[in-house]
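Fold and contact review
Here is what each chain is made of, one letter per residue.
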Amino acid sequence: MNDMRPLERIVDTDTVKISARNVQVHYGETHAIKDVDVDLEANTVTAFIGPSGCGKSSFLRCLNRMNDTIDICRVQGDILLDGEDIYDKRVDPVQLRAKVGMVFQKPNPFPKSIYDNIAYGPRIHGLARNKSELDEIVEKSLRRGAIWDEVKDRLDAPGTGLSGGQQQRLCIARAVATEPEVLLMDEPCSALDPIATAQVEELIDELRQNFSVVIVTHSMQQAARVSQKTAFFHLGHLVEHGETGEIFTNPRDPRTESYITGRIG
Amino acid sequence: MTDASANTPATPRPGKHAGSLLEQNARTLRRNAAERRFRAYGLSAIVIGVTALVVLLASILSQGLPAFQQTFITLEVHLDEAKLDKNGNRDIEEIKKVSTFGYAPLIKTALSTRAGELGISSEDLGVSDKEIAAMISKEAAAELRRFVIANPDRIGETVEFEFLATGRIDGYYKGRVTMESAEKDSNISPGQLQFADALKEGGALSTHFNWGFFTMADGSENRPEAAGIGVAMLGSLYMMIIVLVLALPIGVAASIYLEEFAPKNWFTDLIEVNISNLAAVPSIVFGILGLAIFINYAGLPQSAPIVGGLVLTLMTLPTIIIATRASLKSVPPSIRDAALGVGASRMQSVFHHVLPLAMPGILTGTIIGLAQALGETAPLMLIGMVAFVREFPAAPPEGFFDPASALPVQVYNWTTRADPAFVERASGAIIVLLAFLLCMNFLAIILRRRFERRW
Amino acid sequence: MPVLWIVLVVLGLGLIGYFAGRMRALGTAGGDTRRLHSLPSYYGWHALMLTVVPSLLVLAAWLLVAPNWIENTVSATLPEATIAESGSRGLAMAEVRRAAGALDRAVKQGTMDEATVATLHSGVADLADVTARLKETGAIITSDITVSVLRAAQEYRLMAKASGAYMTFAVLLLAAAGLVLALKRTNKDFRARNVVESGIRVILILASTIAILTTIGIVLSMLFETGNFFERYPWQKFFFGTKWAPDFRGDSELGMLPLLWGTLYISVVALLVAVPIGLFAAIYLSEYAGPKLRAVAKPMIEILAGIPTIVYGLFALMTVGPMVRDWIAQPLGLGNSTNSVMTAGLVMGVMLIPFVSSLSDDIINAVPQSMRDGSFGLGATQSETVKQVVLPAALPGIVGAVLLAASRAIGETMIVVMGAGAAAAQFADGPGAVINPFEAMTTVTVKIVSQLTGDTDFASPETLVAFALGLTLFVITLGLNVLALFIVRKYREQYE
């Protein structure tokens, strides 16, 4: 992981936010991610698609070192955030995760008030100097999460009392509140009904203005709707990566074509 | 990527988290220090817990192990016919008329003789004849009398005996008594200790394993050397038998009803609440129950294993019921369905199929319940088991109604006595108790490992 | 006939019933089991159950009720003068029972015969001589026996004897009747299995009601005696009295507050030890420890829970008490007693560690992983996650665990008996004496033990106060337990 790799391979430091080279992930004996090279651009929504168990979620969790919490997981290769190797010994995952936030498959609001849910990240990272600044951050984040109007009158109510879609938008707002540069989303709509899904998708598109968004999804329609770039994973390999329109209309790899046309997956 | 930062444009974007990832900012350093402190608290909590266990066991072991050793004085006693059987007709009734006071002089003579043979001079050591006689336990005369009554035909012979030395002499060889402490002690003098040393050199006095600790009954206040846990172990055994015979069937029957047949209504709810509450009621309250109901109301005798057994049964029932229900619950419904499917009644499906499968879990729970009951002290004190009991209870079932002691109560009893030799014995008895508990828990673990099923 | 023999005879009849029932059923079916409604053994069980169960139930009921009934009847015949002489009705009855026992023994040993016994109370016999002869039997008779006591004793004996005879007769008759009835009902079409199964069901229900009976027994036994206590001692002085000074000669001060203070003080010290250590141990084991450390440390801490309290008591007495005195109390000049609040509290705290830690461990593990992931995903450290997400989520459950531990601490007996001492807090000596944790102090449970062991007289407030203390203890721990169980159950539902 510490071997030197020529940095010329990073094409353009201005637009490339995260660049992964030769990434391998092992869970115990299982080789889950094989040799993945990919560049993720800033202010872009990148969708990871692929059949279940193809490794797209595992790869996503590598990007902010969430895999560290799993004892048997080993990651090899380089993942660079703004040109810095996030698996370097000197990198503190806590600091990394402040820059690379994450939203999970199932909405997981903390058993606290809505306000405290949002304020949690800013508090631990010391983003607000006083109460009014914190209030400002909370309001801004809830507005960005497109949920402000629904909860502004009950900020002291527990976050667990919201509906599923509201909970997920709360979790997105919570992730946004820490002001990350990259936002990772692991199937954020899989537990939501179609209306809530539409709301979250709309939100993702707005978030692109300020963040790089990486979204793992099962649904190809969703990938087509929200993303500019798409990466197709299959059996641990990154099969194809490119413009979303390109991938869906004119896939280069036969495996991608089979998946899109519904023959595998 | 050691020089990666050199190739990166510094802070490319004015974000909230500006700065290189490769350097931990001040806040992160602070937070990581807090993290390490928190971890250290957790680890020290565990260390404290484990240390407490180690210190507890070490202190009990170090204080209690000497109880298994005892100092004995070996003497050849001439069973003088003139004193023990004046008429010489070996009539057992006449021999019985000679009390222990008649035997004491024989032992005294034997000891003086032995000392003479070894060339120990009592004048040089400044010990009186009375003090020499006091070196042997008062129990010795009783022991000799029992021997003679059991073997009247040996009167007139010279027989070798191993007598208990008195508790202070024993303490001298275990470090409890020293020459200095003997100066101030009215029960022992330095002269007696020197005399004992001389006996030891001559081979007449030795310290070795003490079977009597396991077989003898409690000893009175001034003869700790003769105190044993025989009656207490028997009493505990009787109580465990009663608990096993009552609590296991009742507990299993109650669990089967609650788990397999009971409808969901206020009555079964009431039973459930009662069971979980009884599991947490202070044990002393069960003692009050035993005293009020079994002794004062039903008129059962005090200090009897039957009352202790009944009280402990009521205390153990919740444990057994909770374990049994968990065990019944873990038998998958498909087993019941299979039995019902071939035309068995519900009762048959439970008794023929579910119960045998749940048996290992039930037995494990029962053993753990018994182990709890074995160590229980407070309720037994209230039903009179602290009494001083010298007589062994008879064989069951009559023995269940005889006065007896119990191991933990015997321990408490000994700690309240003045002579420090009793504290040593209390610790010794605790070791025996812990050994029993260890065996029971070990058995439970083996049962669980051996028969555990995963569905 | 002794009870054991009655039971054996009934069981014997039951066994006969089993084989007879089986044979009779087979007989009516012409030896072909296929023509029977139920399996042959069910006919046997049916007969056995009808023989044994009702008769043994009657036997048990008789044994429970009869002694009380006899006692009340005899007690009613005692003249007022005798009661006044003994001090109370209870004491007079105790004397009657002893006399009756002595008479029984005298007859058994052959020093008296029934005829003499019957004439004893007619006033002819020399009372001093009778007393002497009764004492000879080994009975404990303190004073000279009076005629009225002798008469009552004789009546007591006769009633007991008659009751025994009636009981034997009734039980055996019932057993025989059950046997006959069962055999009469038995034929090949009789639905033996259904009858046996509903019988077994009744037995199962009876077994499960024992839990309720126990609770009722606890409450009733303490309520009655507490009522007796409050007849002799005003309840206001018991609940609000600030002085505990029992005196068996009378004029006791039996205020509960000093005992309650001692109990709470020691429990608080114990919880101050057990809750942080137990909680941190649970957090470390569930959030940080690797599988190897967990495999070693968890069982070791749980061993602490399996050690009987007498062992902790001995540990307090021999090791911790002297250590606290020599290392802390004496150098600081705070006391020189090995028995102290600190000793008992520390040792009890150690006892409660596994209690807090294993309950908290379960509760912390029940907090879903997604909660932790959410926090890590926002860049929280592990300790921040534990402190701000896991613990708040687990808080209700942990509160429940602490309440259960508190109830344990309040009800604990042996550790305080051996570690805390027997001297009640002296409120009169000012707050210093009451608050110093290195002074000996006593608790509700210690006093229950000391008032109820040794020579007790169930008519004096000094003994009866133990029941009032016991009831208070029961109510406090019951409240804590129910509250804790409620909280824990509510908490579990949240994540299921």
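Rules of the game
Residues numbered from 1 in each chain as written. Chains lettered and ligands numbered in written order. Predicted model: local features only at pLDDT ≥ 70, side-chain atom pairs only at ≥ 80, totals over all residues. Heavy atoms only, no water. Helix = DSSP H or I, 4+ residues; strand = E, 2+ residues; numbered from the N terminus. Buried < 20%, exposed > 50% of the residue type's maximum accessible area, 1.4 Å probe, protein only. Contact = heavy atoms within 4.5 Å. Areas by Shrake-Rupley, 256 points an atom, 1.4 Å probe, with all protein chains shown as cover. Lys, Arg positive; Asp, Glu negative; His and termini not counted. Charge placed at Lys NZ, Arg CZ, Asp CG, Glu CD. Buried area = accessible area lost by both parts, 1.4 Å probe. Salt bridge = Lys/Arg side-chain N within 4 Å of Asp/Glu carboxyl O. Domains from an automatic or database assignment. Pairing = 2+ DSSP bridges. Polar contact = N/O pair within 3.5 Å; in protein donor to acceptor, adjacent residues only side chain to side chain. UniProt positions renumbered as here; feature names shortened; annotations may be inferred. Patch = residues over 30% accessible without salt bridge, like charges linked within 9 Å, V, L, I, M, F, W, Y side chains within 5 Å.

**A closer look at the overall build of chain C**
Assigned secondary structure in chain C consists of 19 helices and two strands. Projected onto its principal axes, the C-alpha coordinates of chain C cover approximately 90 × 75 × 35 Å. In chain C, which comprises 496 residues, the proportion classed as buried is 50%. For chain C, restricting intrachain contacts to residue pairs at least 6 apart in sequence, the fraction spanning at least 24 positions comes to 73%. If you sum the accessible surface of chain C, you get close to 21,900 Å²; carbon and sulfur atoms cover 66% of it. Side chains of chain C give 35 positive and 35 negative charges; the mean places of these two sets differ by 13 Å.

**Some words on the interface of chain C and chain A**
Between chain C and chain A, the residue contacts involve 17 residues of the former and 22 residues of the latter. Summed over both sides, the interface of chain C with chain A buries roughly 1,600 Å², with 64% coming from carbon and sulfur. By the criterion of area lost to chain A, the three top residues of chain C are Gly377(C), Leu378(C) and Gln388(C), representing 36% of everything that side buries. The interface formed by chain C and chain A includes zero salt bridges.

**Quick word on the domain arrangement of chain C**
Domain boundaries in chain C define domain 1 (3-190) and domain 2 (244-494). Measuring from the centre of the C-alpha atoms in domain 1 of chain C to the corresponding centre in domain 2 of chain C gives 47 Å.

**Topic: the sheet that holds strand S2 (residues 30-41) of chain A**
Residues and elements named next belong to chain A. Spatially, the four strands line up as an open sheet ordered S2-S1-S4-S5, and their pairing is antiparallel. Strand pairing shows two members of the sheet lacking a second neighbour, S2 and strand S5 (84-85), which therefore form its edges. Note: strand S1 (residues 16-27) against strand S4 (residues 73-81), eight bridges, orientation antiparallel. Residue pairing for S4: Ile-18 is matched across the bridge by Leu-81.

**Points about the pairing of S2(A)**
Residue and element names in this part refer to chain A. Pairing geometry for S1 and S2, over eight bridges, is antiparallel. What sits directly across from Tyr-27, in S2, is Thr-30. Adjacent in sequence and paired antiparallel, S1 and S2 are bridged by two residues, among which Gly-28 carries a positive phi angle near 60°.

**What about the domain arrangement of chain B?**
Size of an interface, as often reported, equals the accessible area lost when the parts are brought together. Residue and element names in this part refer to chain B. Annotation of chain B at the domain level lists domain 1 (70-210) and domain 2 (230-451). Centre-to-centre, using C-alpha coordinates, domain 1 lies 45 Å away from domain 2. The interface of domain 1 with domain 2 comprises seven residues on the first partner and six residues on the second. In total, about 460 Å² of surface goes out of reach between domain 1 and domain 2, with carbon and sulfur atoms giving 28% of it. For the pair domain 1 and domain 2, the number of links is four salt bridges. The residue Lys-174 makes a salt bridge to Glu-424 at a minimum N-O spacing of 2.9 Å. Here domain 1 is connected to domain 2 by four residue pairs in polar contact (both at pLDDT 80 or more).

**A few points about the UniProt feature "transmembrane region" (unreviewed entry) in chain B**
Residues and elements named next belong to chain B. UniProt marks residues 40-61, 237-258, 278-300, 306-328, 354-375 and 426-447 with the feature "transmembrane region" (unreviewed entry), using the numbering shown here. Helix makes up 100% of residues 237-258 and strand 0%, and the two end C-alpha atoms of the span are 31 Å apart. Taken end to end, residues 306-328 is 100% helix and 0% strand, and its two terminal C-alpha atoms sit 30 Å from one another.

**Observations concerning the pattern of salt bridges**
A complete count under the given rule lists 40 salt bridges over all chains for this structure. Measuring nitrogen to oxygen at the nearest pair gives 2.9 Å for the salt bridge that ties Asp135(A) to Lys131(A). Of this pair, Asp135(A) and Lys131(A) both sit in helix H4 (residues 131-144), four residues apart, which is roughly one turn of the helix. Exposure remark for Asp135(A): the relative accessible area of 31% places this residue in the partly exposed category. Here the salt bridges do not stand alone but share partners, grouping Glu139(B), Arg146(B), Arg223(B) and Arg390(B) into one network.

**Looking at a nonpolar patch on the surface**
On the surface, a nonpolar cluster with roughly 450 Å² of combined accessible area is contributed by Leu4(C), Trp5(C), Leu8(C), Val9(C) and Leu11(C). Its location among the elements puts Trp5(C) in helix H1 (residues 3-28).

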